[in-house]
Amino acid sequence: MMGFLRFTLAMFVVTAHLTEGVRFFSHWGVFAVFGFYLISGYLMTLILHETYSFRFSSFVLNRFLRLFPIYYLVAVVSAYLILSVPASADFLSVWEVKYRASDFLGNGLIFPFEFYDASFRIVPSTWSIAVELINYFLLWLVVARSRSLALSTVLLTITYHVVTLAVGMDWSSRYRPFYAALLPFSLGACIYFCRDQLARLSISTIRYVAFGSFLVWVANLILCGVVAGMGGPHFDTFYYWNLVSLLALISCLTTSSLKSLSPRWGKIFGDLAYPAFLTHWIIGFAVSLFVLGGQRRGLALLALSVFPILAVSFALAWSADRWLEPLRDKVRRKVALPATVSSGQSKFERVFRKSFGWLRVSGVDNSD
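These numbers come from a predicted model, not from an experiment.

### Observations concerning the overall build of the protein
- In terms of helices and strands, the protein carries 16 helices and 0 strands.
- Scaling as 2.2 N^0.38, a compact globule of 368 residues should have a C-alpha radius of gyration of about 21 Å, and the protein matches this with 21 Å.
- By residue count, 53% of the 368 residues in the protein fall in the buried class.
- For the protein, the share of sequence-separated contacts (at least 6 apart) that also reach a separation of at least 24 residues comes to 75%.

### Points about unusual backbone geometry
- Its identity as a non-glycine residue notwithstanding, Ser 53 has a phi of 45°, on the positive side.
- Judged by its relative accessible area of 10%, Ser 53 falls in the buried class.
- Not every positive phi belongs to a glycine, and Phe 54 is a case in point at roughly 65°.
- Here Phe 54 lies in the loop between α2 (28-50) and α3 (56-84).
- Here Phe 54 falls in the buried class, since its relative accessible area comes to 3%.

### Considerations on the packing of aromatic side chains
- As enumerated under the stated definition, the model contains 42 aromatic pairs in all.
- Measuring from centroid to centroid gives 6.1 Å for Phe 36 and Phe 277, while their planes differ by 65°, and the two rings are edge-to-face. One end of the pair, Phe 36, is in helix α2; the other, Phe 277, is in helix α13 (residues 263-290), with 241 residues separating them in the sequence. There is no split in this pair, since Phe 36 and Phe 277 are both buried.
- Taking the centre distance of 5.2 Å and the plane angle of 75° together, the rings of Phe 178 and Tyr 179 count as edge-to-face.
- Classification of Tyr 179 by relative accessible area gives partly exposed; the value is 41%.
- Each residue in the set Phe 31, Phe 34, Tyr 37, Trp 127, Trp 171, Tyr 175, Phe 185, Phe 235, Tyr 239 and Tyr 240 is aromatic and connected to the rest through ring pairs, giving one cluster.
- The residue whose ring lies beneath Arg 176 is Trp 127, and the NZ or CZ to ring-centre distance is 4.5 Å.
- Residue placement shows Arg 297 over the ring face of Phe 91; its charged tip is 4.6 Å from the ring centre.

### A look at the pattern of salt bridges
- One pass over the structure, following the stated rule, counts 10 salt bridges.
- Put simply, Arg 100 and Asp 103 hold a salt bridge, and the shortest N to O gap is 2.6 Å.
- The class of Arg 100 is partly exposed, set by a relative accessible area of 29%.
- The salt bridge partner of Asp 321 is Lys 267, with a shortest N-O separation of 3.5 Å.

### What to know about the environment of Leu 327
- Positionally, Leu 327 belongs in helix α14 (residues 299-336).
- For the pair Leu 327 and Ser 172, spaced 155 residues apart in the sequence, the C-alpha separation amounts to 38 Å.

### Some points on helix α10 (residues 203-227)
- Taking 1.5 Å per residue as the helical rise, α10 with its 25 residues ought to reach 36 Å, and the 36 Å between its terminal C-alpha atoms agrees with that figure.
- Looking at the buried residues of α10, the elements they touch are α1 (2-18), α2, α9 (195-199), α11 (235-253) and α12 (256-259).
- Phi for Gly 229, located one or two positions after α10, is positive at around 75°.

### Notes on the environment of Asp 329
- Secondary-structure assignment places Asp 329 in helix α14.
- Owing to a relative accessible area of 31%, Asp 329 belongs among the partly exposed residues under this scheme.
- A sequence separation of 267 residues divides Asp 329 from Asn 62, and the C-alpha atoms of the two residues are 8.8 Å apart.

Criteria and cut-off values
Residues numbered from 1 in each chain as written. Predicted model: local features only at pLDDT ≥ 70, side-chain atom pairs only at ≥ 80, totals over all residues. Heavy atoms only, no water. Helix = DSSP H or I, 4+ residues; strand = E, 2+ residues; numbered from the N terminus. Rg over C-alpha atoms; globule rule 2.2 N^0.38 Å. Buried < 20%, exposed > 50% of the residue type's maximum accessible area, 1.4 Å probe, protein only. Contact = heavy atoms within 4.5 Å. Phe/Tyr/Trp six-rings, centres within 6.5 Å; stacked < 30°, edge-to-face > 60°. Lys NZ or Arg CZ within 6 Å of the ring centre and 35° of its normal. Salt bridge = Lys/Arg side-chain N within 4 Å of Asp/Glu carboxyl O. Expected span 1.5 Å × (residues − 1).

Right, dumping it as structure tokens:
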């Protein structure tokens, strides 16, 4: 079921971007991104504890194999089209080519986007991947190590959100920075630490909560489009209702009673989410250029772009499953080998253990 949700969230991002200017869809991408952050917070905490035992090098390598090869392929194709078509910057302002050293670093490693004016991005949506990468590190470093640290981070980030509301800062200050996004990431970590409590709930209770939170989420999404749109009146209210309803829904989806529903199809659709997230801008641009005579945005662009986006995403997901997943499985198996556990620590990890020994929790120090 989580795979279906990830696919839905990705298509919300596609819809919001390609119909830019249509108020009803304007907030869909923003709401979806915080949903991705919640899911990532839960999943990263899960694999840090149950797959990698907080071994930094293995965790980083597998994240690299998951995210970067597909990104580099999309970036190369996008760069070719951007450089070949002078009108590309008219379609999207971040395609105005710049040759600053920071741009080479940002487009090569992604995470530096968060630390400078990343006004040139070959794959535009990667600003949020930069936020994810930084929060992956924070999860490994502190947040995911114990329930108390995750809850403390939630309280700290709630304080930040409340302060920004109180002083009248723009809504984007509660959305774009990595420290604002740490709220859904830490909430996702809390979902992992609350799994035992969730498991005690009856199947009927879990399904009622899941269905109810889903209805609230959809109603909130629709009502925001009718009443406010992105940044409109009462937008922050809708913004946080989106977070709360998704928190309840995702918590239910992690339980065995819902996680086991349609696992095969859930994986198929879930695997399409990341490629669709990466490719939709360049495919939308190609459709605009070769089919719609340069139309910048709109429902027609969305309708004509959906099938190519899904087709390309399926090809990328299939390729990743065929060639990258075996490599990722090797990394996971290496972590599981007892002989590797004691010798596989990097210098960085050993320094961390000496400096931050107070963070040791059950499951982190199995190698000692």
